[in-house]
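# Survey of secondary and tertiary structure
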6 protein chains.
Amino acid sequence: MKGIDSKSQFLDSWVTPRFTQPASFMRAPFATDDIDIALVGCPFDLGSANRAGTRHGPAQIREMSRLIRKVNGATGVAPFSLCRVGDAGDTPISPFDAGQSLEDAQSFYADLHARGIVPISAGGDHTVPLPVIRAIASTERPLAVVHFDAHSDTWDTLHGNRYNNATPFRRLIEEGLIDPKRLVQIGIRGTLFAQDDLDWPVAQGVRVITMDEYEDLGRDQVLAEARRIVGDAPVYVTYDVDGLDPVYCPGTGSPEPGGLSMRDSQVIIRGLRGLDVVGGDVCEVSPPLDPAGHTALNAANLMFEILCVAAEAQAARPDR
Amino acid sequence: MKGIDSKSQFLDSWVTPRFTQPASFMRAPFATDDIDIALVGCPFDLGSANRAGTRHGPAQIREMSRLIRKVNGATGVAPFSLCRVGDAGDTPISPFDAGQSLEDAQSFYADLHARGIVPISAGGDHTVPLPVIRAIASTERPLAVVHFDAHSDTWDTLHGNRYNNATPFRRLIEEGLIDPKRLVQIGIRGTLFAQDDLDWPVAQGVRVITMDEYEDLGRDQVLAEARRIVGDAPVYVTYDVDGLDPVYCPGTGSPEPGGLSMRDSQVIIRGLRGLDVVGGDVCEVSPPLDPAGHTALNAANLMFEILCVAAEAQAARPDR
Amino acid sequence: MKGIDSKSQFLDSWVTPRFTQPASFMRAPFATDDIDIALVGCPFDLGSANRAGTRHGPAQIREMSRLIRKVNGATGVAPFSLCRVGDAGDTPISPFDAGQSLEDAQSFYADLHARGIVPISAGGDHTVPLPVIRAIASTERPLAVVHFDAHSDTWDTLHGNRYNNATPFRRLIEEGLIDPKRLVQIGIRGTLFAQDDLDWPVAQGVRVITMDEYEDLGRDQVLAEARRIVGDAPVYVTYDVDGLDPVYCPGTGSPEPGGLSMRDSQVIIRGLRGLDVVGGDVCEVSPPLDPAGHTALNAANLMFEILCVAAEAQAARPDR
Amino acid sequence: MKGIDSKSQFLDSWVTPRFTQPASFMRAPFATDDIDIALVGCPFDLGSANRAGTRHGPAQIREMSRLIRKVNGATGVAPFSLCRVGDAGDTPISPFDAGQSLEDAQSFYADLHARGIVPISAGGDHTVPLPVIRAIASTERPLAVVHFDAHSDTWDTLHGNRYNNATPFRRLIEEGLIDPKRLVQIGIRGTLFAQDDLDWPVAQGVRVITMDEYEDLGRDQVLAEARRIVGDAPVYVTYDVDGLDPVYCPGTGSPEPGGLSMRDSQVIIRGLRGLDVVGGDVCEVSPPLDPAGHTALNAANLMFEILCVAAEAQAARPDR
Amino acid sequence: MKGIDSKSQFLDSWVTPRFTQPASFMRAPFATDDIDIALVGCPFDLGSANRAGTRHGPAQIREMSRLIRKVNGATGVAPFSLCRVGDAGDTPISPFDAGQSLEDAQSFYADLHARGIVPISAGGDHTVPLPVIRAIASTERPLAVVHFDAHSDTWDTLHGNRYNNATPFRRLIEEGLIDPKRLVQIGIRGTLFAQDDLDWPVAQGVRVITMDEYEDLGRDQVLAEARRIVGDAPVYVTYDVDGLDPVYCPGTGSPEPGGLSMRDSQVIIRGLRGLDVVGGDVCEVSPPLDPAGHTALNAANLMFEILCVAAEAQAARPDR
Amino acid sequence: MKGIDSKSQFLDSWVTPRFTQPASFMRAPFATDDIDIALVGCPFDLGSANRAGTRHGPAQIREMSRLIRKVNGATGVAPFSLCRVGDAGDTPISPFDAGQSLEDAQSFYADLHARGIVPISAGGDHTVPLPVIRAIASTERPLAVVHFDAHSDTWDTLHGNRYNNATPFRRLIEEGLIDPKRLVQIGIRGTLFAQDDLDWPVAQGVRVITMDEYEDLGRDQVLAEARRIVGDAPVYVTYDVDGLDPVYCPGTGSPEPGGLSMRDSQVIIRGLRGLDVVGGDVCEVSPPLDPAGHTALNAANLMFEILCVAAEAQAARPDR
């Protein structure tokens, strides 16, 4: 990895009060070049058949991420010292053309990937992992995934459509870009459309950890299980905020009571240190449903946790 | 017109407190048969490239319309005594397929129209007039339109798309279903994408009354002008709530300061009495942007005003 | 009138910042003795058959009235210099017994009245004028009333009940405590339960000024008319905040679009200077419907305007 | 039980997007006939001496229950397949007459009960169990009750009144309709009016599980205890949402910090499977205190959990 | 003026949907060099003794200004075509040192001024004009000012302090940087701390137009008067959003009912075309008091109107 | 301790409904004399460099504390029976002079202390403990402190300033008024400005219990540890509401996900019974960030818990 360019470092709240200056993700500089990790907005919400508004997610997450400081208090990781981190802006969006938007987003991520830049995204709805993983995975190198969510998102179609926030992990498994045996889903719960909603992922070998099992195992065991599942494969971390209990995510489309806490989520993500993290995202923040930004604040903190483990992995890569 | 069936009459708040019972539009009975006027929800919002949420409009307008009573205090019109009015539910929506949704909505309205039922709709975004007018107008019988809005909605395309909330009146003029010389637009204002935004409608003969001209003429003169323009043609009344000043419509996607008041709007719509009103709609209410429902309350009142003039026209039709 | 006791004067925001100290009405001292004017909360809401919450009105109006300063900028009246003004607390309330509550409130006001103290109240719902006027008027000395409202509040019964926020002025006319020929109602509008809603008050000689007539006459003429109607009788000023357009009163139970502005209301109340004002109230603020307090802020300002004209009248009374 | 009439089945969100169509409880059809279970609104709030607004509870719970799907993901129970479920509308309410309202509500429930229909209600305040249990219990067949709440609701009177949201379980025990030895109260906590607040219920043999004891026992043990207490008696499940910690119920009148989580509540209610559940309710949702509906969403989910155990019990009854 | 550098042009919403990309003022590029007009945030709020929060103003105004398009619909002015406009970020702020903050802000503006760049600022509280005008005016070239506000802001001290949002125009007149005879104040109203609040400015020759006089004169006459007062002097336009009626600015510290409308404000500012506008600001937006951003939306539109007249003036300067 | 003066007792909600009468802390009488414990507002927020608004904390905490009743349901402690408790109003504040404000507040507390009155305060920001402890501690009698917070608040300076909400415990240790070895901090977490943020307090012997250690130890062990640390020294309890997880304190300036629950906090404070509690505070409630008052409700409950342990200690003092 090239030397950290001090110029590209983030706006230090120690010096510049947090309420000042335009909002970038975690006060990182706006940059797409000469960075190791890109914080990316993907304001795609044409994959949602339920409550609206995730197109506004990146803007509000940027705003609330002003409150993030430089160093992870629990782990001591200082991502902005380990890597050059930039706010790469938003992917292009065609607001009336979901297919075009997904293609354009994929190209955007592919360009970052080609330059060795690890993407950490703020959605947008939970279709977002589709273009990201299409850009950074290959059938030769399918990814392991740690997936926090209330829903498995492995339906075949929703309202007759194959590419939306209910289907991305099915598509990515079908396309050979995710290894289903290395996909672990944490926090699954809620009412179902049908009793066999989870049959398909289980049949593929996906490790589905419902909230019931989560409680039975306990958090430490869940973490151990997640690490066992993903093993030494390149790992992508995707967090649909509705994996959280709705008190932590009032601003999301499909809240399901009885979910994860922020504490649980923070500890588990921190527990992924040492894995070969190659990207991540936090999706399904709908600002119109939470104008005061509590959901976005939590999302910003989850992005930061993912950034920390990704930065350690990126910093450790020998060819950089 | 057939005798009013008392069974189909609305839930009288004099008897049943307004906070009780499931919400229908203005407490009308849920009915699609044996009615003269259908109050219809059209939760289509795939035509919006700006702020999200109008798919939730019909639900909140139903809820806030509990506050509407039976009789128009200003005109004395009692629409539920003049006509059988029903809440016909929502049009079908394919949440991932704008084209299919517009076709399905059009079929829904065509079925009502075939049975002589006048539709008054709650959007959804301002694409809604497209399927409605396609269903109720014909090239032999193009409609006059009284159009309240901040925007002319006559662009050719938006983000490369031809069917969205910025284009419906261009399409309908092109399709010969609206007579541009009988289209009057009231409340036009706001920042423009380009200086020639309004050239096309003016060239077609549309009467565009900006807020500047509105003030110059005064409300009485505007009303007289609107009546002159539409003449004795069948008239459709469409109200994009952003025609109102944003203080009256905090819950809308594209608010433009400096707009109409509710008082202005009520007086003008009341002034359309005697015209051959064949339908109407109120669009662009975005409940997530106004959870307390102030915008929806105004929208419900505007729907009621349109209902009153439509009910008089419907009651006056000899063949009913 | 006795000399102003400087000790009883209000908390001057020039000295004590407005955000500090417990909230009393307009920062007046808490006092029921040795005062000329009592600011009273009457948190009665058992007279409302529609949206709930006016029991919390006095608390929020106290809170928002922190923003009121000492002197009326338009008229120069300084009520706290003219009179000793106290926050007399709230009337007693029996939360499950409307009748008892109205009796207790009446006794509270009667005690103030017996001591020559003029009451200016914050409701509660619009039943509040009933106990106030019962306490301060008599059949020998019926009151004139300037009444701002969307609704005439002269129904005989509502849901079978005779004492609620839809009936107070009928009761008070029947009881001979208001002279109907000296009752002027300003701002009347909205949908009606029946076409003859306004027949009874008009038949009694009440001067009902609808919003249509308000516009026809113009504000100056309405003011002149109001002064003519009330003449030299003792005058009570009652303001149901739904007389305002809902943009000024989002926190009220029965909002009716197309209403008065705060500017109109301020100018008219100021125009009542010189009349024999003997009391007033502002009612129907529902804080749960407007937690940020915009409605209560307007209510506090309306109370201040009523206070100003009442203080001039009180200061001018020779026997004080 | 009669065969499930497919016509009466609920609106499937798999087919009809959740944001569309008028709101019924959990998208059930509006029906009072030919149903096995009635979802009922009881918008009674004349029993509350504290913060207002629960009269609006049924409307908002209907709206938020759009998000409920068909099948319980944790237990696999599919209530709409087991029973014919209808939204039976709201009970009648006399907004100025608490006694009449309670009588009318009781008649409404008695009529359902006479036809073998199990009621599951959305309040209204927590007086609601009074008319329900009066309608469905008898001194010969007193009910067991699983009662979630911060408060015991067994005062003799409140502000001199015997029938309100602080007294229902005392009245029902006195009337012999609840067996106090089979009444278990979970979540009790908060500040008290007097140190002996809980003496009466404990003296009657009510099993009061405070939050302190809840933690000491642990959730599994609490569930076992609840099952032991209610035994094989017919069981009613009543959930005052303030049993939850206020983060789960910002929209309630008497929030008490330090309460139950939704997860706890879901697991316990699911643990009641196999009991002879004969009805249930969720009360004290005050929408004006939570316009975005987070409390109502939780209430809708609690209703669904109660529905699941009630549907299994109803489906198992031999005479149906 | 140098040729417009297309690269520095703003993000066109016609191409890039308004909900995407990081928020700059009106989607202008972040730039401090090679620009003609700087949009500047000044998040100073240490000058407020009343309700808090204006430090967050620039952030929310940036966010809401996404809704602004390229061209002024009323005047046809296209500021981004006339001038190179940049978002210059925020001035430095020392959050515990008001004096240092004002010095640093002044230096920031002085640097822009030295390079011929016209500043248009978003506050911050209404102390902001102090450092701006100190930077761009001189005793040889005192400015004329068009000042929209409910308050004259010409007190000598507030709570013993000389430099705060109640005093800037007194200081600037004393310092000879504003010509009091060319200062016109529009919208003055509200309760006063003392009856002589306005004596000082009037004595200096300031033209104070209260709301009463505003109505008497009418808007056209006020505009003519404002133009007469400022004459051909260099003009600064300062807009304290509490000049607006509170319905337009719920998010401000000192709202005063009975104020200006957005329509009035837009028309008057547009009427300043042709004057030698050298800068402007919009202040006193407090986002915590209006999280949904309605106040900030209006503020963004007011900034745009000021930008339009400033851009015409800047484009017309011969030496550029 | 002198006999409890019944006149000074609080407003009993059993008699006076909670929604009525002006708001004092927990309905205590307004009094500064003849009391044993003073509930004090300290609306100081000039020590905050982040999100604004805590100056409004005392007002909203008073309002929400209406919901507190007389007796602690978990411990049976009845503080208003043990001690004479008064709402002593707010400390003086100079809104433009932090130093003067801190001096004035200190004098206010010193006066209470001189009269043997124990202060329990509602902030304001977390600078508040500085003037309180300066007033009630001495180098001869340094205090032990139980400190709930996400942040250690022991920086040397923030933005060059030594007296603000990031530094009070460093100053008080330096001044010899807090014994660092008897200072226990609970709930510490969140992102850091630098990796050595916690080195200084640890070096002084402060017992810093991060959330990680909190979980490792368990709540009982943390409580035992806290009791061990403070020993028999006079103890001050300070609660920065951001010690709570943000779901419990949406209205605070620096929320840090993953924090304490209200249940945890209540149990620990109750566990401090028997200690020599000499004062306490709850700080950092920002009402503009939470207008519905959920944070303030929790703060009021935390104040009540501190009041209970302080009242027992005060009642036990022999010389009273």
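Whatever comes next refers back to the structure up there.
Residues numbered from 1 in each chain as written. Chains lettered and ligands numbered in written order. Predicted model: local features only at pLDDT ≥ 70, side-chain atom pairs only at ≥ 80, totals over all residues. Heavy atoms only, no water.

This part is about the overall build of chain A. Looking only at helices and strands, chain A has 10 helices and eight strands in total. Taking 320 residues into account, the globule formula puts the C-alpha radius of gyration at 20 Å, and chain A, at 18 Å, falls close to it. Burial analysis of chain A (320 residues in total) assigns 71% to the buried set. Summarising the internal contacts of chain A: among those between residues at least 6 apart in sequence, 77% fall at separations of at least 24. Element-wise, carbon and sulfur atoms account for 49% of the exposed surface of chain A, whose accessible area totals about 8800 Å². Of the side chains in chain A, 29 bear a positive and 43 a negative charge, and the two mean positions are spaced by 7 Å. (Helix = DSSP H or I, 4+ residues; strand = E, 2+ residues; numbered from the N terminus. Rg over C-alpha atoms; globule rule 2.2 N^0.38 Å. Buried < 20%, exposed > 50% of the residue type's maximum accessible area, 1.4 Å probe, protein only. Contact = heavy atoms within 4.5 Å. Areas by Shrake-Rupley, 256 points an atom, 1.4 Å probe, with all protein chains shown as cover. Lys, Arg positive; Asp, Glu negative; His and termini not counted. Charge placed at Lys NZ, Arg CZ, Asp CG, Glu CD.)

With that settled, the discussion passes to the relation of the copies chain A and chain F. Between chain A and chain F, which share one sequence, the superposing operator has a rotation angle of 120° and an axial displacement of 0.0 Å; the RMSD is 0.0 Å. Viewed as a symmetry operation, the transformation between the two copies matches a three-fold axis. Across chain A, the rotation axis passes nearest the C-alpha of Val247 of chain A, at a separation of 3.6 Å. (Least-squares fit on C-alpha atoms with pLDDT ≥ 70 in both.)

Another point: the sheet that holds strand β6 (residues 207-210) of chain C. Residue and element names in this part refer to chain C. The strand order across the open sheet built from eight strands is β2-β1-β3-β8-β7-β4-β5-β6, with neighbouring strands paired in parallel fashion. Looking at which strands have only one partner, the edges of the open sheet turn out to be β2 (85-90) and β6. Each strand axis lies, on average, 15° off the axis of its neighbour in the sheet, ignoring direction. Sheet analysis places strand β4 (residues 143-148) next to strand β7 (residues 234-240), joined by five bridges and oriented parallel. By the bridge assignment, Val146 is partnered in β7 with Val237. Helix α4 (residues 129-136) rests against β3 (118-123), β4, β5 (178-188), β7 and β8 (276-283) of the sheet, and its axis sits at about 170° to β7. (Pairing = 2+ DSSP bridges. Axes fitted to C-alpha atoms, helices over the stretch in contact; angles between N-to-C directions.)

A few words now on the relation of the copies chain C and chain D. Rotating chain C by 180° and moving it 0.0 Å along the rotation axis overlays it on chain D with an RMSD of 0.0 Å. In short, the pair behaves as if placed about a two-fold rotation axis. No C-alpha of chain C lies nearer the rotation axis than that of Pro288 of chain C, which sits 2.6 Å from it. Mapped onto chain D, 100% of the interface residues of chain C again fall at the interface, so both copies present the same surface.

Counting buried positions over the eight residues of helix α1 (residues 57-64) of chain E gives seven, a clear majority of the element. On the buried face of α1 of chain E, the contacting elements are α1 (57-64) of chain A together with β1 (37-42), β2 (85-90), β3 (118-123) and α10 (294-316) of chain E.

Turning our eyes to something else, we now look at the sheet that holds strand β2 (residues 85-90) of chain D. All names here are of chain D. Taken together, the eight strands give an open sheet; going across it, the order is β2-β1-β3-β8-β7-β4-β5-β6, and neighbouring strands pair in parallel fashion. What marks the edges here is a single partner per strand, and that holds for β2 and β6 (207-210). In this sheet, neighbouring strand axes are inclined to one another by 15° on average, regardless of whether the strands run parallel or antiparallel. Sheet topology note: the strand β3 (residues 118-123)/strand β8 (residues 276-283) ladder contains three bridges and is parallel. Note that in β8 the partner of Ile120 across the bridge is Gly280. The strands that helix α8 (residues 219-230) touches are β4 (143-148), β5 (178-188), β6 and β7 (234-240); relative to β5, the one it contacts most, it runs at about 165°.

Glancing now at the side chain of Ser265 of chain C. Inspection of the secondary structure assignment puts Ser265 of chain C in helix α9 (residues 262-270). Excluding residues within four positions of it along the chain, Ser265 of chain C makes contact with Tyr239, Leu244, Leu260 and Leu302 of chain C.

Moving on to the pairing of strand β5 (residues 178-188) of chain B. All names here are of chain B. Across the 11 residues of β5, eight count as buried, placing the element largely inside the fold. Taking the sense of rotation as the criterion, the β-α-β connection linking strand β4 (residues 143-148), helix α5 (residues 168-174) and β5 turns out right-handed. As defined by bridge partners, β5 adjoins strand β6 (residues 207-210) across four bridges and the pair is classed as parallel. Bridging from a neighbouring strand, Gln185 pairs with Val208 of β6. (Right-handed = clockwise from strand over helix to strand, strands pointing away.)

Below, the discussion takes up the interface of chain C and chain D. At the interface, 19 residues of chain C touch 19 residues of chain D. Summed over both sides, the interface between chain C and chain D buries roughly 1400 Å², with carbon and sulfur atoms accounting for 68% of that surface. Taken together, the links from chain C to chain D amount to zero salt bridges. Broken down by class, the residue content of the side of chain C that touches chain D amounts to eight nonpolar, eight polar and three charged. (Buried area = accessible area lost by both parts, 1.4 Å probe. Salt bridge = Lys/Arg side-chain N within 4 Å of Asp/Glu carboxyl O. Nonpolar A, V, L, I, M, F, W, Y, C, P; charged D, E, K, R; others polar.)

Across the contact, 30 residues belong to chain A and 27 residues belong to chain F. Between chain A and chain F the total buried area reaches about 2400 Å² when both faces are included, carbon and sulfur atoms providing 55% of it. Connecting chain A to chain F are four salt bridges. Between Glu256 of chain F and Arg69 of chain A there is a salt bridge, with its nearest N and O atoms 2.9 Å apart. There are 13 residue pairs in polar contact (both at pLDDT 80 or more) connecting chain A and chain F. For the side of chain A that touches chain F, the secondary-structure elements that each account for two or more residues are α9 (262-270) and α10 (294-316) of chain A. Along the lines of polarity and charge, the residues of the side of chain A that touches chain F split into 15 nonpolar, eight polar and seven charged. (Polar contact = N/O pair within 3.5 Å; in protein donor to acceptor, adjacent residues only side chain to side chain.)

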